[in-house]
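Here is what each chain is made of, one letter per residue.
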Amino acid sequence: MSAKAISEQTGKDFLSKYICTSAAVQNRFRYANVTAETDWARLTQEHPWLLTEKLVVKPDQLIKRRGKLGLVGINLDLQGVQEWLKSRLMKETTVGKAKGVLKNFLIEPFVAHKQEEEFYVCVYATREGDHVLFHHEGGVEVGDVDAKAQRLTVAIDDKLSEDQVTQQLLTHVPDDRKEILASFIVGLFNLYEDLYFTYLEINPLVVTQDGVHVLDMAAKIDATADYICKAKWGDVEFPPPFGREAYPEEAYIADLDAKSGASLKLTLLNPRGRIWTMVAGGGASVVYSDTICDLGGVDELANYGEYSGAPSEQQTYDYAKTILSLMTREKHPEGKVLIIGGSIANFTNVAATFKGIVRAIKDYQGPLKEHEVTIFVRRGGPNYQEGLRVMGEVGKTTGIPIHVFGTETHMTAIVGMALGHKPIPNQPPVDAHTANFLLNSSNNVMTPATTRTASFSESKMSNDIAPAKRCKAGLSAAKATTLFSKHTKAVVWGMQTRAVQGMLDFDYVCSREEPSVAAMVYPFTGDHKQKFYWGHKEILLPVYKNMADAMKKHPGVDVLISFASLRSAFDSTMEVMQFPQIHTIAIIAEGIPEAQTRKMIKKADEKGVTIIGPATVGGIKPGCFKIGNTGGMLDNILASKLYRPGSVAYVSRSGGMSNELNNIISRTTDGVFEGVAIGGDRYPGSTFMDHVLRYQDTPGVKMIVVLGEIGGTEEYKICQGITEGRITKPVVCWCIGTCATMFASEVQFGHAGACANEASETAVTKNQALRNSGAYVPKSFDELGDVIKTVYDELVASGTIVPAQEVPPPTVPMDYSWARELGLIRKPASFMTSICDERGQELIYAGMPITEVFKEEMGLGGVLGLLWFQRRLPRYACQFIEMCLMVTADHGPAVSGAHNTIVCARAGKDLISSLTSGLLTIGDRFGGALDAAAKQFSKAFDSGMLPMEFVNKMKKDGKLIMGIGHRVKSINNPDMRVQILKDFVKQHFLSTHLLDYALDVEKITTSKKPNLILNVDGFIGAAFVDLLRTCGGFTRDEADEFVEIGALNGIFVLGRSMGFIGHYLDQKRLKQGLYRHPWDDISYVLPEHMSI
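Within each chain, residues carry numbers counting from 1 in the order of the written sequence. Under the rules for a predicted model, residues below a pLDDT of 70 receive no local features and side-chain atom pairs below 80 are neither given nor counted, while totals for whole chains, interfaces and linings still include all residues. Working from all heavy atoms in the structure, the side-chain values ignore hydrogens and water.

Caption draft 1: View of the overall build of the chain. Secondary structure assignment for the chain yields 37 helices and 35 strands. Residues are treated as being in contact if the distance between any of their heavy atoms lies within 4.5 Å. The contacts in the chain between residues at least 6 apart in sequence include a share of 73% that link residues at least 24 apart. Note on areas: Shrake-Rupley, 1.4 Å probe, and residue coverage restricted to the protein chains presented here. Accessible area of the chain: about 48100 Å², with a carbon and sulfur share of 52%. The centroid of the 116 positive side-chain charges in the chain is displaced by 5 Å from the centroid of its 125 negative side-chain charges. Strands here are runs of E lasting at least two residues and helices are runs of H or I lasting at least four, both read from the DSSP assignment and numbered beginning at the N terminus. All tallies of charge rest on Lys and Arg as positive and Asp and Glu as negative; His and the ends of each chain are not included. Charge coordinates come from a single atom per side chain, which is NZ of Lys, CZ of Arg, CG of Asp or CD of Glu.

If you want it as structure tokens, here you go:
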């Protein structure tokens, strides 16, 4: 959501820090917070004024009209404050319908003043601008300020001046107070704008001879502006409405939501309730809550929440386990029900998200059975059949009653089943598998001729665009009635290849002559071509780095589909509105600050541009054009007959519910003519009325469906249009959110705009107004489909709609990746791996999650054991590996590998090149003797050859014994690295047969020459064979195989890489120049006849 209430202390903190005014604001930072844990001695040390001044004390928990409720203690000393708090702190009280515990209080200095020194000021946002309300009589008895206050509207991008305030707001204020009030109000307004407030009320604002005193404040800020205001806001805590506790689980889900691109919401209403929900989609979650309350379940409804925006399996698991944990803490005598519902998803892979829920159900199967939980599931969307199958299977395997339904079942039918109002079908009908929709139902395998381009009820009509008329600067331009046709061309902002491919598949199945996407814009790469499919054929679409190039090279484009992030959507949208060819913009991003959205709306109105969104999936015009992921995948496009136009146009806020409307309308009428989801923000770019009037003026539309919701007053304009005769076509309308009036405390639903600030904004009031104006309004969402069918049947009976014969759509090939996801095909993999899997939420090493690796403190040796040997090795083995890496890390700059690395570094080469140069010297003669030594010693030992026989045989064959000999070290100057390893191996290894054999060989070779010792390579090679053979983790064949395939040399390569990198960094740090080998260290031996 966007507008969130903040505590009075937070609001005053912002004002004290950042207000800029010539008015003397008194008592800045003079407020103290008190809770049950407060240490009074420490509090008085931090705020010494508590001991010397008269005080005011009041709860700071978003409670309105505290004075009238007797919740303000006035003119008290500190002892009086403490006495006053004794009867109130941590005590339950009732405010309106809400019961809550008073646990957070604010103490401030008491300001002695007269009644005539009290004023009222409020600033709040609307679509058109910001309104400043002022009344010269403030305080507890201010009354209906909307009716009494002076009002000044500041248009978007305009500034407020002191002259305006004085002339329009302060007409009833004494002259000696006007200057100070005007300065303060302008400063307050600037603060409101700079810190992205959406509501800021001070009552009373007291003006005395000393200056301005802010006594009581209520405020909301736009939480989506956190990325802009973080430096000034800091970490803001948003308190829950009074009457609802702040639960740690809510904070946990809010944290998950903040870290995710998806949407995850949870509000606990009654933790002891028996009805729990886990609903996908902001709009759908409201519909399910409405239906539960309509059927009498309001007192047992435990939670409100939603997940949407394609959360990952892990995110869904975390969300689901939180809900399952909460619902299995207290038993209910009637058992409990869990409703896992949702509309038809547009782009979320239902099977993938259900995997997370299934994992959580398996983890909690014991408590779920103990608490007698019954689960009801209804879902649709991409791969939903597989998701429902998996959900049904887990019910069978765990013994938990799970009833599963798909798109053939009305979205909220499972609520009636769960609450016992409807029977549960034994075998619900199952829609065809996803893949079946992609098969042409006719015998004709050829692509059929172009289907009708207008209403399904008409034989033919023109689909030409009615272009927007451009007006002079400063005036609003007329917007187009027809936004999309079969010839519409769009540019897509963002590298959204899946969405673009979905649009092209839709184009193809609608028999468009050309793709609707002309180009893409992606500023993070250079200009290039991107490959897509057009039916069976591969095509290339241009991708541009900047918008100007795309507009210049594609003058026929008139639609922009923006997948820009919430941070860049504003700038990219304002940029594209500079190009006159664009008349429609769809903004998908959710979480754009409201102030930026209103600026975009103002610009769009001036330019005659229609904005769909923000926070939307888009819209669809069957047979013509679809925005991004609207309508879901091809199976839903075909099932809902969106490949050809019908006679019904709809407008909705919710993207998920728009797809549900596609389903309902296709089952009850001849189909959709056009559908738009305007978005869930408080200020959508275009309104319900904008689109209803377009539909009214479009001949192909015969009836209109509107799915409104709680919050805002836009639906009243539809009432007015019907009453005044501007809207004559039948309008079926339902506003979701009727449950809100039944809750004791305020609930912010999934959409930012789904919150009623006054009675007229409630869904119940709006539904009644629509009904009174002549719209067709069902009794509940459950009956929406029935009412649509009734109106449609009447239009057919009157001849207004003449249903046309169905024309089969073209066959569209399924993408390989999706076919594989559905399990329809198989293909041999190009690569195989058995050591690591990065595909899930957590990296896995040889079957062990990375979190477990750290939890078990396995160290580098343990990780190497997992990745190289696919084993969890004993602790001593891990330590030995780490010791080997340590002793082989470096042996000075003179060895060949380090020398090469240094020369490369001094030649100006990069780290990778220099390291590679050093590594390429490793072989049998330098560092690569581990494998060879292990093989030679193993072969001799395993064949029963005595050490003397082995030495003699190698001498006879003219071969060197790998791992024997050192240029510097000798029997008289031993290598301490070998001694360190030997001490450890002898102490910890279970057996050292091969090492002992190698040491016996050393005795023979050193008797001939002192430097023919068992060197580090030979020691590690022999000892590692003993480790592999005796640690218990390998068979003899497995141990020999690791030696044979060269695993042991990896120890030296890995260890010495550390040293080589060190040499590289050392040379760079020392700023060494290009190396040239000195002449006096080179012996020039030339043929005599060539010598000088």
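And the narrative resumes.
Caption draft 2: Local environment of the pattern of salt bridges. What makes a salt bridge here is a side-chain nitrogen of Lys or Arg within 4 Å of a carboxyl oxygen of Asp or Glu, nothing more. Under the counting rule described, the total for this entry stands at 50 salt bridges. A salt bridge links E108 to K58, with the shortest nitrogen-to-oxygen separation between them at 3.0 Å. Of the two residues, E108 sits in strand β7 (residues 105–109) while K58 sits in strand β3 (residues 55–59), which places them 50 residues apart along the sequence. The buried label applies to any residue whose accessible area, calculated with a 1.4 Å probe on protein chains only, is under 20% of its type's maximum; exposed applies above 50%, and partly exposed to all values in between. Taking the relative accessible area as the measure of exposure, E108 reaches 8% and is therefore buried. K58 gets classed as buried once you look at its relative accessible area, which sits at 1%.

Caption draft 3: Region of the structure containing unusual backbone geometry. For the peptide bond that leads from N203 to P204, omega is 0°, which places it in the cis range. The topology assignment puts P204 in strand β11 (residues 197–207). Cis geometry is adopted by the peptide bond preceding P614, which originates at G613 and carries an omega value of 0°. Structurally, P614 is set in the loop between β26 (610–612) and β27 (619–621). Here the phi dihedral of N75 falls at roughly 60°; this positive angle occurs in a residue that is not glycine. Its identity as a non-glycine residue notwithstanding, K1071 has a phi of 55°, on the positive side. Note on placement: K1071 falls in the segment after α37 (1049–1069). Since its relative accessible area comes to 72%, K1071 is described here as exposed.

Caption draft 4: Expanded view of helix α11 (residues 350–363). In a helix, the anticipated span is given by 1.5 Å times the number of residues less one. Between the first and last C-alpha of α11 there are 20 Å, a value that for 14 residues agrees with the 20 Å anticipated at 1.5 Å per step. The term polar contact refers here to a pair of N or O atoms within 3.5 Å; inside protein, the definition further demands a hydrogen-donor-capable atom paired with an acceptor-capable atom, and it admits residues adjacent in sequence only when both atoms are side-chain atoms. N-cap assignment for α11: the residue whose side-chain oxygen lies 3.2 Å from the backbone N of A351 is N349.

Caption draft 5: Representation of the nonpolar core. Put simply, buried Ala, Val, Leu, Ile, Met, Phe, Trp, Tyr and Cys residues joined by side-chain atoms within 4.5 Å make one nonpolar core. One finds I561, F625, M703, V705, V706, I718 and F781 to be the most contacted residues of the largest nonpolar core, which totals 102 residues. Setting aside residues no more than four positions away along its own chain, F781 makes contact with V287, H410, M411, T412, M657, I664, L707 and W734. Within the second largest apolar cluster, 62 residues are counted, among which are V887, A898, L915 and F984.

Caption draft 6: Quick look at helix α30 (residues 911–919). Looking only at α30, the buried set comprises S914, L915, S917 and G918. Down the axis of α30, the buried set is contained in an arc of 155°. They therefore lie on one face. On the buried face of α30, the contacting elements are α29 (896–906) and α37. One side-chain oxygen at the N-terminal end of α30 lies 3.0 Å from the backbone nitrogen of I912; it belongs to D910. Throughout, the arc means that of the directions going from the helix axis to the C-beta atoms.

Caption draft 7: Broad picture of the sheet that holds strand β32 (residues 731–736). By this definition, two strands are paired if DSSP reports at least two bridges between them. Pairing is mixed across the open sheet formed by six strands, whose spatial order is β28-β27-β30-β29-β31-β32. Each edge of the open sheet carries a strand with a single partner, namely β28 (625–626) and β32.

Caption draft 8: Inspection of the packing of aromatic side chains at higher detail. Between 30 and 60 degrees the pair is tilted, below 30 it is stacked and above 60 it is edge-to-face, where a pair is any two Phe, Tyr or Trp rings, Trp via its six-membered ring, whose centres lie within 6.5 Å. The final tally for this structure, using the stated rule, is 19 aromatic pairs. Judged by centre distance (5.7 Å) and plane angle (85°), the rings of Y508 and W534 are edge-to-face. Residue Y508 is found in helix α15 (residues 497–509), and its partner W534 is found in strand β22 (residues 528–534); the two are separated by 26 residues along the sequence. Overall, the relative accessible area of 12% leaves W534 in the buried class. Chaining the aromatic ring pairs together yields one cluster made of W868, F869, Y876, F880, F989, F1024, F1034 and F1042. Seen from the ring of F238, K4 lies directly overhead, with NZ or CZ sitting 4.9 Å from the centre. Working rule: Lys NZ or Arg CZ, within 6 Å of ring centre, within 35 degrees of ring normal, means a charge sits over the ring. Above the plane of the ring of Y18 lies K232, whose end atom (NZ or CZ) is 5.4 Å from the centre.

Caption draft 9: Quick peek at the pairing of strand β16 (residues 303–308). Burial analysis of β16 places five of its six residues in the buried class, the great majority of the element. For strand β14 (residues 263–268) and β16, the ladder comprises six bridges, and the chain directions are antiparallel. By the bridge assignment for β16, K265 is matched with E306.

Caption draft 10: Region of the structure containing a nonpolar patch on the surface. On the surface, a nonpolar cluster with roughly 250 Å² of combined accessible area is contributed by Y816, L824 and I825. Its place among the elements puts I825 in the loop between α25 (816–821) and β33 (836–837). Like charges are joined within 9 Å and nonpolar side chains (Val, Leu, Ile, Met, Phe, Trp, Tyr) within 5 Å, but only among residues with over 30% relative accessible area and no salt bridge; these make up the patches.

Caption draft 11: Molecular detail of the packing of α30 against α37. Comment: axis = line fitted to C-alpha atoms, over the contacting stretch for helices; angle = value between 0 and 180 degrees taken between N-to-C directions. Interhelical geometry of α30 versus α37 gives an angle of 130° and a closest axis separation of 10 Å. When the axis of α30 is compared with that of α37, the two are oblique. For the pair α30 and α37, the sense of crossing is right-handed. Contacts from L911, S914, L915, G918 and L919 of α30 reach α37 at V1053, S1057, F1060, I1061 and Y1064. Looking at the contact of α30 with α37, its residues break down into seven nonpolar, three polar and no charged. For classification purposes, angles smaller than 35 degrees are called roughly parallel, those larger than 145 roughly antiparallel, those between 65 and 115 roughly perpendicular, and all remaining angles oblique. Handedness of a helix crossing follows the sense of rotation of the near helix relative to the far helix, less than a right angle counterclockwise being left-handed and clockwise being right-handed. Residue type decides the class: Asp, Glu, Lys and Arg count as charged, Ala, Val, Leu, Ile, Met, Phe, Trp, Tyr, Cys and Pro as nonpolar, and the leftover types, Gly among them, as polar.

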